[in-house]
Amino acid sequence: MEKKLKLSVHQLVDFLLRVGDIDNRIYNSTTMQEGSRIHAMYQHMQGSNYLSEYSLFETFKVDDFEISLEGRADGIIVRGDEVTIDEIKSTVAKLDEYYEEQKEWHLGQAKCYALMYAHEKNLDHISIDLTYINQIDETKLVKHFSYTTEELEKDIEKLLHEYLDFYRYIFDRTKKRNESAAKLDFPFDDFRKGQRKLAKYTYGIATNGGILICEAPTGIGKTISTLYPSVKSFALEKNEKIFYLTAKNSAKEAAFQAMNLLQEKGLEATDILITAKDKICYCPGKACNPDECPYAKGYYTKIREILVDSLHKYKTFSRETILSIASFNGICPFELSLDLSLYVDVIICDYNYFFDPIVYLKRYFDEDAINNVVLVDEAHNLADRGRSMYSASISSFDFQRARKAVRHLEHKKIKNAIKRISKLFNHYEEYDEGDHLIPFLEPTHLRGIEAYLLAASDVNKHHHEFVTDEFTDFYFELNKFFKLLDYYDNSFCLYVTRKGDYTSINLFCLDPSEQLYRTFQKVRSKVIFSATLSPLDYYLGIIGGSDKDPFIALPSPFKKENLKVMVAPNISIKYKNRNATIEKVASYIKEFVSGKVGNYFVYVPSYEYLTSLLPYLEFDGDVNLIVQEKDMDDRSKQDFLSCFAENPVKTTIGVVVLGGAFGEGVDLVSDRLIGVAVIGVGIPQICFERDRIREYFSSVGKDGYLYSYVNPGINKIMQAVGRVIRSENDRGVALLIDDRYLTKTYSDLFENKWPNYEVVTSKEEIKDIVNAFWKRR
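The notes below deal with the structure included here.

**Section: the overall build of the protein chain**
Within the protein chain one finds 27 helices and 25 strands. For a compact globule of 777 residues, the expected C-alpha radius of gyration is about 28 Å, and the protein chain comes in at 29 Å, within 12% of that figure. Across its three principal directions, the C-alpha atoms of the protein chain cover 95 × 70 × 50 Å. In the protein chain, which comprises 777 residues, the share counted as buried stands at 56%. A separation of at least 24 residues holds for 79% of the contacts in the protein chain among residues at least 6 apart in sequence. Of the accessible surface of the protein chain, which amounts to about 34100 Å², a share of 48% is contributed by carbon and sulfur atoms. Distance between charge centres in the protein chain, computed from 100 positive and 115 negative side chains, equals 4 Å.

Right under this line is the structure:
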């Protein structure tokens, strides 16, 4: 490895000079957005001798390293031979307090720019202005400094040496990582069917760049087949990090275990599993500031020493390890995990941290992310998750609760802002009950939202005693709504919902494909895979791909005869017919589970149907019937799954909702699950939003009904049936009940996926087929 380091000015000074607290009242997306506006406005007001957003770059020789430092100065004022670097900082905090706490951090940043510009223009002296602007009242504070170039050289050389002392360890560790990757063998004795092909293509993408989309059935071993070749590519010194993205905790854990396996086989790489903030927070429900959370206090003052110690001590950072480090040092575990990830090789996390426009990891994907590999597991989830990430809603009910919190606060700006938000909701109060499309929000209403967010930031910071959960929740809802409006185009819709005395205004993403595509372009190498990407033309388009992208569909590594699929097309599960057919459905299920004592899932269309079905599921023998409840937490889900034990001595039937918590990500191997019955075709409930999706895709030349209703249901079916066969020795049965299953849309798919499926039209036929299947060895 060449002893070269590419470093941004922010990376340098943030690591060495930042101090103070985590404080979301000062640093949040609203204040950042307002800061950008104020920066631009202030720069525009300057004269012709003011150079805005001036890019700077210089390579420094520090001991045996070459350090390339780059950054962009807010402004450079040139008055003849006199040059001043203008570093602009806007904040909702009191300016003098903000300056006193953070002057070394801000001044260090400006000194870097000053030195690089002085060298570029051969100056022997240069000045710095730290310009502070209050975002609430736009008052200004300017601190002026003058330096010789020689003085700046000494200061910046000291900072670079200090950073290099830390980086040498990262460099040496990365060198060992690359060397170990070159020697790393596949961690199993042989590849499964299809596994080598997936690994080969993934390696090609990781080394040469590009995109690969893959449908790889359960059992191929997608996790190790994508992680192994990706870490092998480290040997070529082209990639810096690997991001393994997934939607389910079970898949994150599988990736984490796969990394542990590779490390056991000799890989000298580090990895981290990033846990969602609400699941790792020490103070749930509290805001991230030192007045509410003691773990926010002094975070940036402490973090540097903690990072150095932790990176020397650990190679792998599990949730438990992060909690242990955070608890011992009295700091926020979530922010710790994000800061650790800067110096870790493989990052395992949720989709949000790459795709979500509000919470994505800006530290990676706002700058040069070209040398990162992104592996996207369970990619079929991207359609609905993408819509959710780009959709937002605000309601007058939540607003009324928020305004109550500050009704006794004497604060002119928040009172004026509240009046403007009231006008926004009142504008739609004459609308009839129900949902109504609107073309846009009035400019005056948009300015009112912006004014409220700024005033609320000031209340959060300076009038903490008035801040309630309701006030904070509405602030974040409004902030997300306002930020997502920047993306509004014909792939979105705006609509108003009137219900009783309350109004909600909704921004709904109809088609997330363009947003997902743009996100994918930030990285050089991306591999997108799932066990179910059918129908292919639907998923290729909706998840940000195209028919020009490389695609491979791998066959199942398991014997087809290990799964018997039956289709019962003589029972209607359409909503209007459900009451008339539910007793017959129950009789089919009873026969289905009678062929062998074991564990079964019955997937139902809804909780309403579940409640109606239960009275008909009465069994003569010893049967354990357990039911999915609404809003189950992680512990409840684990308790539910633990009822499905190996070597059962009596039959256990889990009645669960199709597409719900147990619709995918459930890995009950061996005889922990030997059969699933799927009632219905999984079509989402007809609603206003689904109808808008239908209209949108029809307008762009697609089959709107397929895209909005049928295709999402098909994936639920495929995922449900996919729960049965999880390993080479698994055997099981599946029963699909609905009269729509033999229409062309479904039968064509079944012919491809389960060519040996059989049609059944009576419970006697089910009994005969099931008994014959279990008797056959």
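**Considerations on the pairing of strand E24 (residues 732–737)**
For E24, the tally of buried residues reaches six of six residues, placing the bulk of the element in the interior. By the alternation rule, side chains of E24 split into Gly 732, Ala 734 and Leu 736 and Val 733, Leu 735 and Ile 737, which are all buried. As paired strands, strand E19 (residues 563–568) and E24 are joined by six bridges and run parallel to one another. Residue Ala 568 lies in a different strand from E24, and its bridge partner there is Ile 737.

**Examining the sheet that holds strand E11 (residues 346–350)**
If you walk across this open sheet you meet the eight strands as E10-E9-E11-E8-E12-E17-E7-E18, and the pairing is parallel. Single-partner strands in this sheet number two, and they are strand E10 (316–317) and strand E18 (551–553).

**Concerning the side chain of Thr 321**
Its place among the elements puts Thr 321 in helix H10 (residues 319–329). Those residues in contact with Thr 321 that lie beyond four places of it in its chain are Tyr 314 and Thr 316.

**A few points about the pairing of strand E4 (residues 82–91)**
Among the ten residues of E4, nine are classified as buried, and the element is accordingly described as predominantly covered. Bridge analysis of strand E3 (residues 65–79) against E4 gives five bridges, and the strand direction is antiparallel. Bridging across to E4, Ile 77 finds its partner in Thr 84. Linking two consecutive strands that pair antiparallel, namely E3 and E4, is a turn of two residues; a positive phi of about 65° is found at Gly 80 within it. Two strands pair when backbone bridges link them, and E4 and strand E5 (residues 125–134) are joined in this way by eight bridges, in the parallel orientation. If you follow Ile 88 over to E5, its bridge partner there is Thr 131. Following the backbone out of E4, through helix H3 (residues 95–121) and into the adjacent parallel E5, one traces a crossover that is right-handed.

**With respect to the packing of aromatic side chains**
All chains considered together, the criterion is met by 49 aromatic pairs. Seen in terms of ring centroids, Phe 186 and Tyr 228 are 5.4 Å apart; in terms of plane orientation they differ by 75°. Their pairing is edge-to-face. Here Tyr 228 lies in helix H6 (residues 222–232) and Phe 186 lies in the loop between helix H4 (149–183) and helix H5 (195–208), a separation of 42 residues in the sequence. Look at Tyr 228 and you get buried, because its relative accessible area is 11%. Ring geometry for Phe 601 against Phe 640: centres 6.4 Å apart, planes inclined by 50°, an arrangement best described as tilted. Here Phe 601, found in strand E20 (residues 599–604), pairs with Phe 640, found in helix H23 (residues 634–642); they are 39 residues apart in sequence, far enough to count as distant. Ring pairing ties together the aromatic residues Tyr 538, Tyr 539, Tyr 696, Phe 697 and Tyr 707, which thus form one cluster. Lys 596 extends its terminal NZ or CZ atom over the ring of Trp 774, reaching a point 5.3 Å from the ring centre. We note Arg 692 situated over the ring of Phe 688; from NZ or CZ to the ring centre the distance is 4.4 Å.

**So, the state of the cysteines**
Per the counting criterion, the structure on display carries zero disulfides. Looking at the unpaired Cys 349, the closest cysteine sulfur is the one in Cys 332, lying at 16 Å. Owing to a relative accessible area of 0%, Cys 349 belongs among the buried residues under this scheme.

**Examining the sheet that holds strand E21 (residues 623–627)**
In space, the seven strands of this open sheet follow the order E21-E22-E20-E23-E24-E19-E25, with parallel pairing throughout. Of all the strands in the sheet, the pair left with one neighbour each is E21 and strand E25 (758–759). Two strands pair when backbone bridges link them, and strand E23 (residues 675–679) and E24 are joined in this way by five bridges, in the parallel orientation. For Val 676, the partnering residue across the bridge sits in E24 and is Ala 734. Where helix H21 (residues 578–594) meets the sheet, it contacts E19, E20, strand E22 (651–657), E23 and E24, and its direction lies at approximately 170° from that of E24.

**Here we look at the environment of Glu 335**
Note on placement: Glu 335 falls in helix H11 (residues 333–341). Look at Glu 335 and you get buried, because its relative accessible area is 16%. Distance from Glu 335 to Asp 356, taken between C-alpha atoms, is 18 Å for residues 21 residues apart in sequence. Filtering out sequence-adjacent residues up to four positions away, Glu 335 remains in contact with Ile 22, Tyr 299 and Arg 363.

**Notes on empty space enclosed by the protein**
Using the criterion set out here, one finds three cavities of 30 Å³ or more in the structure. The calculated volume of the second largest cavity comes to roughly 60 Å³. As for the second largest cavity, its lining consists of Asn 24, Arg 25, Ala 287, Asn 289, Glu 292, Asn 460, His 464, Val 467, Thr 472, Tyr 475 and Phe 476. When residues of the lining of the second largest cavity are assigned to their parent elements, the largest contribution, three residues, is made by helix H18 (residues 469–484). Here the residues of the lining of the second largest cavity are counted per class, giving four nonpolar, five polar and two charged.

**Observations regarding helix H17 (residues 443–462)**
Because the α-helix completes a turn every 3.6 residues, residues three or four places apart line up on one side. For H17, built from 20 residues, the straight-helix expectation of 28 Å at 1.5 Å per residue is met to within 8% by its first-to-last C-alpha distance of 29 Å. What H17 keeps buried is the set His 445, Gly 448, Ile 449, Tyr 452, Leu 453, Leu 454, Ala 455, Ala 456, Ser 457, Asp 458, Val 459 and Asn 460. In this fold, the buried residues of H17 make contact with helix H2 (29–45), helix H15 (396–405), helix H16 (412–426) and H18.

**As for the side chain of Thr 652**
Counting through the fold element by element, Thr 652 comes out in strand E22. Apart from residues no more than four positions distant in its own chain, Thr 652 is found in contact with Gly 598, Asn 599, Tyr 600, Asn 624, Ile 626, Cys 643 and Phe 644.

Definitions and cut-offs
Residues numbered from 1 in each chain as written. Predicted model: local features only at pLDDT ≥ 70, side-chain atom pairs only at ≥ 80, totals over all residues. Heavy atoms only, no water. Helix = DSSP H or I, 4+ residues; strand = E, 2+ residues; numbered from the N terminus. Rg over C-alpha atoms; globule rule 2.2 N^0.38 Å. Buried < 20%, exposed > 50% of the residue type's maximum accessible area, 1.4 Å probe, protein only. Contact = heavy atoms within 4.5 Å. Areas by Shrake-Rupley, 256 points an atom, 1.4 Å probe, with all protein chains shown as cover. Lys, Arg positive; Asp, Glu negative; His and termini not counted. Charge placed at Lys NZ, Arg CZ, Asp CG, Glu CD. Pairing = 2+ DSSP bridges. Right-handed = clockwise from strand over helix to strand, strands pointing away. Phe/Tyr/Trp six-rings, centres within 6.5 Å; stacked < 30°, edge-to-face > 60°. Lys NZ or Arg CZ within 6 Å of the ring centre and 35° of its normal. Disulfide = S-S within 2.5 Å. Axes fitted to C-alpha atoms, helices over the stretch in contact; angles between N-to-C directions. 1 Å grid on protein atoms, 1.4 Å probe; cavity = no way out; pocket = protein on both sides within 12 Å on 5 of 7 lines; lining within 4 Å. Points joined across faces, edges and corners; volume = space filled by probe spheres on them. Nonpolar A, V, L, I, M, F, W, Y, C, P; charged D, E, K, R; others polar. Expected span 1.5 Å × (residues − 1).

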